[in-house]
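In case you want the letters, here they are:
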Amino acid sequence: MITLPRVPRCIAVAVLIACTTSACSRAGGCRDEYCGTLVFAGVGEVTALLPPVSDASVDRDVYDQIFLRLADLTPDGGTIGDSGFVPQLAQRWEWTDPLTLVFHLDPRARWQDGPPVTAEDVAFTFAAYTDTAVNSADRGTLLAHIASVTAQDSLTALFHFRDRYPEMFYDAVFHMRILPAHLLRNVPLATWRTAEFGRAPVGAGPYRFVRWTPGQSLELAADSGFYLGRPHLRRLIWRFASDLNVAITQVVAGEADAIEVLLSPTNIERARNSGHLTLYSYPGPTYTFLRFNLRADGDSLRPHPIFADRDVRRALVLATDRARMCQSVFSGNAKVPPGPIPQSWSWLWVPQLTVPSYDSAQAARLLAARGWRDSDGDGVRDRGGRKLSFHLSVPSTSPPRVQYAQLLQEALKAVGVEVVIDQMEPATLQERLRAGGFDAALETWFADPSPASAAPGIWGSHGPSNFGHYASPAFDRQVAAAASATTPDAARTSWIAAFGTLDQDAPGIMLFSVDNIAAVDSRVTDVQIRPDSWWALVRTWRIPPDKLNERDRVGG
């Protein structure tokens, strides 16, 4: 801290307060252990900072600093039972019977506008997340086992479960960031996706919302009175970039300080040669795949004229040389997953799960057997007057996915399939996915730490993010068995069966899971990166006083 010898305390305080003004900032500003400005390069722009209505990665990166869970995962904690968790808003917890979990809130926790966090906030949050008007992605699956959440008193929240299973505690805490009832109770639930609160949120976390300049940046400021410990970094700023290459250029040029993933070998080398960045490897929590829409474009009641046929889907999988594509794009910095499995689920990368072999000859035979032949000699198969042609939607902001789309176009052309690539903004793509207005799409999914949370939401028959309308009772049963398993070995056996079913049904083509490498300015110390939330621990990062630059010293 700054020392002011032989100066009366009241004068010293006045001087420190004065040093938050722009005049003092110009004179040198903050110089102690709680200074520092960290600028993140974010790909795309924030859409809404109200957790139940947005699961976009840029939004989550920001609101994870503003809102807290009742308890949080440890960096290497498991999801079965409650031993792998640390307190956040809850000071402690206990099971009063096999289906009742009691949380005792930390009396020090307060909302950033002053009132204490109460059990009523917890009950209100659960009601919001599970309301059809809000339509949270977590409502139908991840929170479905919880029957009710009630307030016993101001600091005691009771969770009642419908059934007993290994990840009860995980479901109770991980999927909900607690919300302020006093600020949201009178906001109609149906308007939450566009509510003003989502553009200027108030939470109980280590950082407060400051400003959001559309198209440019968003800023948070440390809450110096945060009850779990004052954050060392005084300001967090997200600079919005149009795509990954622009974001990495900002970091390499020193205009930003951190980016969570570099992806390509070229980008990794640029960061390594910058002279001011440190690279951090961690297990990738994402996987990228091509999703087939099994229903007609925009009409969920009619089967898709191409992709409703499992043999056609399997043929397209066989025609895709995924190992070659992965090497071509990533040069060894990614792996082809043997299912919808990110690298962070390392315990499921087992020999029993294998990537289907590339076999273009077998792909051609399957297509011909299903009646798709090139009757007019134009190089594109047809059947009954319809071309074997489809549109592939891909986000324009993702160079690896655009490159993959082109490689897929080339590979499928070789077996007589025409692929039309539609590049679009991520928000537009997300709208199309939700509306079912697509043939196929290249998607990257950020997976929860638990397969039981992540897999059924995307591939389960009733999953809220099952945009391709894949439905398999066998897969659903196998997922249920995995979710109810009480040991990792038993869970692994059921997951192997479930992902084997997906392999046979081919609702998509699993393409790659990257070896995640983040880049952070070398003046930042105590850096820890957690796969499930890249910046979850940023409040513990710091910049030593002798490493501060001008951006660190300037006031907000």
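Residues numbered from 1 in each chain as written. Predicted model: local features only at pLDDT ≥ 70, side-chain atom pairs only at ≥ 80, totals over all residues. Heavy atoms only, no water.

## A look at the overall build of the protein
Turning to step 1, where the next piece is worked out: Along the protein, the regular secondary structure elements total 17 helices and 23 strands.
Turning to step 2, where the next piece is worked out: The C-alpha atoms of the protein give 25 Å as radius of gyration, which agrees with the globular expectation for 556 residues (24 Å, within 12%).
Turning to step 3, where the next piece is worked out: In terms of its C-alpha atoms, the protein occupies a principal-axis envelope of roughly 95 × 55 × 45 Å.
Turning to step 4, where the next piece is worked out: Scored against the burial criterion, the 556 residues of the protein give a buried share of 54%. (Helix = DSSP H or I, 4+ residues; strand = E, 2+ residues; numbered from the N terminus. Rg over C-alpha atoms; globule rule 2.2 N^0.38 Å. Buried < 20%, exposed > 50% of the residue type's maximum accessible area, 1.4 Å probe, protein only.)

## Here's the deal with the packing of helix 7 (residues 244-252) against helix 8 (residues 265-272)
Turning to step 1, where the next piece is worked out: Where helix 7 meets helix 8, the closest approach of the two axes is 10 Å, and the angle between their N-to-C directions is 10 degrees. Overall, the two elements helix 7 and helix 8 adopt an arrangement that is roughly parallel. As helix 7 runs across helix 8, the sense of the crossing is right-handed. The segment helix 7 lies against helix 8, with Leu244, Asn245, Ile248, Thr249 and Val252 engaging Asn267, Arg270 and Ala271.
Turning to step 2, where the next piece is worked out: Residues of the contact of helix 7 with helix 8, tallied by class, amount to 4 nonpolar, 3 polar and 1 charged. (Axes fitted to C-alpha atoms, helices over the stretch in contact; angles between N-to-C directions. Parallel < 35°, antiparallel > 145°, perpendicular 65-115°, else oblique. Left-handed = near helix turned anticlockwise from the far one by under 90°. Contact = heavy atoms within 4.5 Å. Nonpolar A, V, L, I, M, F, W, Y, C, P; charged D, E, K, R; others polar.)

## Here's the deal with the state of the cysteines
Turning to step 1, where the next piece is worked out: One pass over the full model with this rule turns up 1 disulfide.
Turning to step 2, where the next piece is worked out: The disulfide bridge from Cys30 ends at Cys35, spanning 1.8 Å between sulfur atoms. Its S-S torsion of approximately -90 degrees makes the covalent link between Cys30 and Cys35 left-handed. (Disulfide = S-S within 2.5 Å.)

## Brief notes about the side chain of Thr397
Turning to step 1, where the next piece is worked out: The topology assignment puts Thr397 in the loop between strand 19 (389-395) and helix 12 (399-413).
Turning to step 2, where the next piece is worked out: Contacts of Thr397, omitting those with residues within four sequence positions, involve Val43, Ser242, Asp243, Leu244, Glu425 and Pro426.

## Some words on the side chain of Ser453
Turning to step 1, where the next piece is worked out: The topology assignment puts Ser453 in helix 14 (residues 451-459).
Turning to step 2, where the next piece is worked out: By relative accessible area, Ser453 is classed as buried at 4%.
Turning to step 3, where the next piece is worked out: Within the structure, the side chain of Ser453 is placed 3.3 Å from the side chain of His175, a separation counted as a polar contact.
Turning to step 4, where the next piece is worked out: Excluding residues that lie within four positions of it along the chain, Ser453 makes contacts with Leu142, Tyr170, Asp171, His175 and Asp448. (Polar contact = N/O pair within 3.5 Å; in protein donor to acceptor, adjacent residues only side chain to side chain.)

## Comments concerning the packing of helix 15 (residues 473-484) against helix 16 (residues 488-505)
Turning to step 1, where the next piece is worked out: Taken N-terminus to C-terminus, the directions of helix 15 and helix 16 make an angle of 165 degrees; their axes are 8 Å apart at the nearest point. In terms of axis orientation, helix 15 runs roughly antiparallel to helix 16. Considering how the two elements wind past one another, helix 15 and helix 16 form a crossing that is left-handed. Contacts between helix 15 and helix 16 involve Ala474, Phe475, Gln478, Val479, Ala481 and Ala482 from the former and Ala491, Ser494, Trp495, Ala497, Ala498, Phe499, Thr501 and Leu502 from the latter.
Turning to step 2, where the next piece is worked out: In terms of residue class, the contact of helix 15 with helix 16 is built from 11 nonpolar, 3 polar and no charged.

## Points about the confidence of the model for the protein
Turning to step 1, where the next piece is worked out: Mean pLDDT for the protein: 91, with 94% of residues reaching 70 or above.
Turning to step 2, where the next piece is worked out: Here residues 1-27 is modelled with pLDDT under 50, and outside its nearest four sequence neighbours on either side it reaches 13 contacts, counting other chains as well. (pLDDT = per-residue confidence, 0-100.)

## Describing the sheet that holds strand 5 (residues 100-105)
Turning to step 1, where the next piece is worked out: With antiparallel pairing, the 4 strands of this open sheet are ordered in space as 4-5-7-6. With one partner strand each, in any of the chains shown, strand 4 (90-97) and strand 6 (146-153) form the two edges of the open sheet. Neighbour to neighbour, the strand axes of the sheet diverge by 20 degrees on average, direction disregarded.
Turning to step 2, where the next piece is worked out: Note that strand 6 and strand 7 (residues 156-161) share 6 bridges and pair antiparallel. Of the residues in strand 7, the one forming a bridge with Thr150 is Leu158.
Turning to step 3, where the next piece is worked out: The sheet contacts of helix 4 (residues 119-129) involve strand 5, strand 6 and strand 7, and relative to strand 6 the element is tilted by about 160 degrees. (Pairing = 2+ DSSP bridges.)

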